Amino acid sequence: MSDSAASAAAALLDRIQAPAGSGRDIPDAATRETIGRAPVHSVAELDDAVARAKAAQPAWEALGHEKRIELLLAAADAIDANAESLAYLLSREQGKPLNGPNARFEVGACSAWLRTNAATVLEPQVIVDDETLHAELVYKAAGVVAAIGPWNWPMMITTWQIGPSLRMGNTVVAKPSEYTPLSALALLAVMNEVLPPDVLIGISGDREVGARLASHPDIAKVMFTGSTATGRKIIESSAGNLARLTLELGGNDAGIVLPGTDAKEIAQDLFWGAFINTGQTCAALKRLYVHDSVYDDVVDALAEIAASVPIGNGLDEDNVLGPLQNKAQFDIVSRLVEDAKASGGRIVTGGEAAPELGELFYRPTIVADIGNDAALVQEEQFGPALPVIRYSDVDEAFGWANGVDVGLGASVWSSDPDAAREAATRMQSGTVWINSHGGLHPMVPFGGVKSSGYGLEFGVEGLKSVAVTQVVSGPGRKA
Ligand code: NAD
């Protein structure tokens, strides 16, 4: 990271942070030094933001698709032009390293997603076209969209929410997580260099502001990514404003390694499927079921990678894993690993904090010989600790994999493509990957089943989810 990127990041920060003496201090996730002050907007300021977004919406919709496409492409260019300073700020606030599938990768995904949103077309659907009737389903803007996001991928997930919304002619009020407000606000500031006023407004506040935003009478649609507990509250508040909801909630993704699989072939992909963003990823591999015949090989191969992968301050170009983002998450991971030890799990590598690196660092951890009922298996750890469970009966492994109340992603691993494909559909999850875990594509729909939420993001389905439908019904061809 060059000095010029650091000073450009400081200038960007100055554009978004609260004036000196106000706001809330935000720490660097790795060093815990203060990096800036997040504005703390009040409910009254939120109400004003929604009113401005509502007033701006008709003109934004009236611009038409071509002009909005042009502006989204310009916003993607603006992100690329500021990529290093955005990545620098993201790395400090969130903790993810610049390198690897981390901060630079996340910023790159933002512009890539916006370009795909711009290029995706949602055509009216002709339902009936005969002598007596011509009926079409057309898609229109919903109005003002609330975009409420988590702290793990704060820029990318915000982009997933706002890109399709803007594309379809909605205006957006975005409320980032109170843990990572600066990253999201910086992204919005860069996009707002090219967007018309009040089309995209960032509000930074606590949970009370999030709750008010979701229940606001002028919000037509809530795009929410976060915990299942908060998702349930948003469902309750939608009883008041009838806002349409897309809920991307918690997960506890399972992977199953089938008999006869070559451990060395899959070890790298397994590792990154679980440890991407230091395990703080919604659709990361969080429980791995491995057949007895290959169990020891898989555990050894994973442990070898985990013990050698560089971890530390994200601004150091060598590192590819970082700290936990916040103390609450650090405590969850510590508690679950201690519980795993107490219940007989074998720590193959890691299993403890790494205080010499900083307060919130935890060593990449592989826990073997752990029972399916351990808390580390049954609860979402959201951190760098992977339980590996041995099985000998494939049906029992699927029973375990599907035996939780969430279903975001899942994976099956096999050297036999036919066996893998057949096994894949047995998983109860919104996505199932074969021989990989967690890869996303801006045109491929993504969403959860069971308590992982409902609604789809990305591609054409993603545009539909931020639109309202209207049936246009008229005379048929020979009428
Ligand atoms: P969280 O639910 O605590 O917070 C998410 C956002 O909701 C924050 O911006 C918060 O301020 C806001 N909020 C809190 N209370 C609210 C309320 N009553 N009404 C409206 N908004 C409110 O989640 P988190 O801890 O930031 O994120 C971690 C969780 O998110 C994990 O469970 C993870 O699996 C999940 N996640 C899911 C996906 C996905 O795509 N399914 C992606 C990333 C993270």
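Values in this document were obtained by computation on a predicted structure and should not be read as measured data. (Residues numbered from 1 in each chain as written. Predicted model: local features only at pLDDT ≥ 70, side-chain atom pairs only at ≥ 80, totals over all residues. Heavy atoms only, no water.)

Thoughts on the overall build of the protein chain
Here is step 1 of the chain: The secondary structure content of the protein chain amounts to 16 helices and 20 strands.
Here is step 2 of the chain: On C-alpha atoms alone, the protein chain measures out to a radius of gyration of 23 Å, which is about the 23 Å that the 2.2 N^0.38 rule sets for 479 residues.
Here is step 3 of the chain: Considering only C-alpha atoms, the protein chain reaches an extent of 70 × 65 × 40 Å along its principal axes.
Here is step 4 of the chain: Look at the contacts in the protein chain between residues 6 or more apart in sequence, and 72% of them connect residues 24 or more apart.
Here is step 5 of the chain: Roughly 18,200 Å² of accessible area belongs to the protein chain as shown, and the carbon and sulfur atoms make up 53% of that amount.
Here is step 6 of the chain: Side chains of the protein chain carry 36 positive and 60 negative charges; the gap between the two charge centres is 6 Å. (Helix = DSSP H or I, 4+ residues; strand = E, 2+ residues; numbered from the N terminus. Rg over C-alpha atoms; globule rule 2.2 N^0.38 Å. Contact = heavy atoms within 4.5 Å. Areas by Shrake-Rupley, 256 points an atom, 1.4 Å probe, with all protein chains shown as cover. Lys, Arg positive; Asp, Glu negative; His and termini not counted. Charge placed at Lys NZ, Arg CZ, Asp CG, Glu CD.)

Observations concerning the environment of Gly439
Here is step 1 of the chain: In this structure, Gly439 sits in the loop between strand S17 (431-434) and strand S18 (449-450).
Here is step 2 of the chain: Along the chain, Gly439 and His134 lie 305 residues apart, while their C-alpha atoms are 41 Å from each other.

Considerations on helix H10 (residues 263-275)
Here is step 1 of the chain: With 13 residues, H10 should reach 18 Å at 1.5 Å per residue; the first-to-last C-alpha distance of 17 Å fits that figure.
Here is step 2 of the chain: Within H10, the full set of buried residues consists of Ala263, Ile266, Ala267, Leu270, Phe271, Gly273, Ala274 and Phe275.
Here is step 3 of the chain: In this structure Asp262 caps H10, since a side-chain oxygen of it lies 3.0 Å from the backbone nitrogen of Lys264.
Here is step 4 of the chain: In the stretch just after H10, Asn277 is the one whose phi turns positive, near 60 degrees. (Expected span 1.5 Å × (residues − 1). Buried < 20%, exposed > 50% of the residue type's maximum accessible area, 1.4 Å probe, protein only. Polar contact = N/O pair within 3.5 Å; in protein donor to acceptor, adjacent residues only side chain to side chain.)

Points about the nonpolar core
Here is step 1 of the chain: Core analysis: the biggest nonpolar cluster contains 50 residues, and Ile79, Leu86, Leu166, Val172, Met191 and Leu200 have the highest contact counts within it.
Here is step 2 of the chain: Among the elements that take part in this core, helix H7 (residues 181-191) stands out by supplying eight residues, more than any other.
Here is step 3 of the chain: Each residue touching Leu86, except ones within four places of it in the same chain, is listed here: Leu12, Ile79, Val107, Met155, Ala186, Leu187 and Val190.
Here is step 4 of the chain: Among the nonpolar cores identified, the runner-up in size contains 31 residues, and Val257, Phe275, Val298 and Leu302 belong to it. (Core = buried A, V, L, I, M, F, W, Y, C linked by side-chain atoms within 4.5 Å.)

Considerations on the sheet that holds strand S3 (residues 125-129)
Here is step 1 of the chain: Spatial ordering of the open sheet is given by S3-S4-S20, a layout of three strands whose pairing is antiparallel. In this open sheet, the two edge strands, each paired with only one partner strand, are S3 and strand S20 (467-475). With strand direction ignored, the average angle separating the axes of adjacent strands in the sheet is 20 degrees. (Pairing = 2+ DSSP bridges. Axes fitted to C-alpha atoms, helices over the stretch in contact; angles between N-to-C directions.)

Some thoughts on the packing of helix H3 (residues 65-81) against helix H6 (residues 154-167)
Here is step 1 of the chain: Their axes nearest at 9 Å, the elements H3 and H6 cross at an angle of 150 degrees. Here H3 is positioned roughly antiparallel relative to H6, judged by the angle of their axes. Contact with H3, carried on its side by His65, Arg68, Ile69 and Leu72, involves Gly163, Leu166 and Arg167 of H6 and no other residues of that element.
Here is step 2 of the chain: By residue class, the composition of the contact of H3 with H6 is three nonpolar, two polar and two charged. (Parallel < 35°, antiparallel > 145°, perpendicular 65-115°, else oblique. Nonpolar A, V, L, I, M, F, W, Y, C, P; charged D, E, K, R; others polar.)

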